[in-house]
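Architecture at a glance
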There are 2 protein chains.
Amino acid sequence: MITRINHIAIVVEDLDAALGFWRDALGLPLDKTEENPGENVTIAFLPIGEAEIELLEPTDPASGIGKYLAKKGAGMHHVCVEVTGIDAVIERLVAHGVEMINETPRVRDEGTRYAFVHPKSAFGVLVELYELPEGP
Amino acid sequence: MITRINHIAIVVEDLDAALGFWRDALGLPLDKTEENPGENVTIAFLPIGEAEIELLEPTDPASGIGKYLAKKGAGMHHVCVEVTGIDAVIERLVAHGVEMINETPRVRDEGTRYAFVHPKSAFGVLVELYELPEGP
């Protein structure tokens, strides 16, 4: 089941410059900034309602996000859709002929399970599915 | 004040095909589909949490959205951020040197006031501001 947009990820060249728009000019709060060495990005998290804007600055031009930035320029990178029962959601997508980048969810340190839908199956949009770990 | 993501707009070539992914495979409900003759698009509205996915199919290749599709292909077109006090939000943006496409909000039939931020001021993202009319 799909519950909400978890985040919109935006690739930027310079996190500080982008915060000048999203935080300083538009007025969104900055929750935190953190390195994600696995994906070679620094991420700024800005809550907005029940979702977040995530600004991604690549730390390595040879990484996936770095190459994306070089090829396409700054802009929206993906939309993350929060779900419950991610395995059943993926099964349903595959049954409809959707190509997944990850047919088996990957797991982040804090327990979030995630999988990407291939943009060619989602009409040009890179869609991430997120299942948050159950609370205590 | 920024309250939430109102919608993410996605440009598609064929609304029915795109609904095959967003509605049929992913499982989002389709609230309605409507023509917007002013912008030469047919729009499908799919609620997701407090926001919506809007799928836009251009009805005229010479329109703004039609040209966007021809040039960039299907994909995310803009993110719409809901605000209260849109005039003050725009004033603050302009004071920070942000370039607006609409410095004065435009008004839709149902009373929603909206304005676009120029993507060059928002690091490649086309950002729409929305102020909904007050309820009865």
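These numbers come from a predicted model, not from an experiment.

Residues and elements named next belong to chain A. Segmenting chain A into domains produces domain 1 (1–83) and domain 2 (84–136). The C-alpha-based centres of domain 1 and domain 2 are spaced at 19 Å. Of the roughly 1,100 Å² buried at the junction of domain 1 and domain 2 (both faces included), carbon and sulfur atoms supply 56%. Taken as a group, H78, V79 and V83 account for 41% of the area that domain 1 buries against domain 2, more than any other trio of residues on that side. Note that R108 is salt-bridged to E39, the shortest N-O span being 3.3 Å. Remark: the boundary between domain 1 and domain 2 carries nine residue pairs in polar contact (both at pLDDT 80 or more). Within the residue set of the side of domain 1 that touches domain 2, elements represented by two or more residues are β1 (2–11) and β5 (75–83). Of the residues forming the side of domain 1 that touches domain 2, the biggest block, seven residues, is contributed by β5. Looking at side-chain class alone, the side of domain 1 that touches domain 2 contains five nonpolar, six polar and three charged residues.

Parameters and conventions
Residues numbered from 1 in each chain as written. Chains lettered and ligands numbered in written order. Predicted model: local features only at pLDDT ≥ 70, side-chain atom pairs only at ≥ 80, totals over all residues. Heavy atoms only, no water. Domains from an automatic or database assignment. Buried area = accessible area lost by both parts, 1.4 Å probe. Salt bridge = Lys/Arg side-chain N within 4 Å of Asp/Glu carboxyl O. Polar contact = N/O pair within 3.5 Å; in protein donor to acceptor, adjacent residues only side chain to side chain. Helix = DSSP H or I, 4+ residues; strand = E, 2+ residues; numbered from the N terminus. Nonpolar A, V, L, I, M, F, W, Y, C, P; charged D, E, K, R; others polar.

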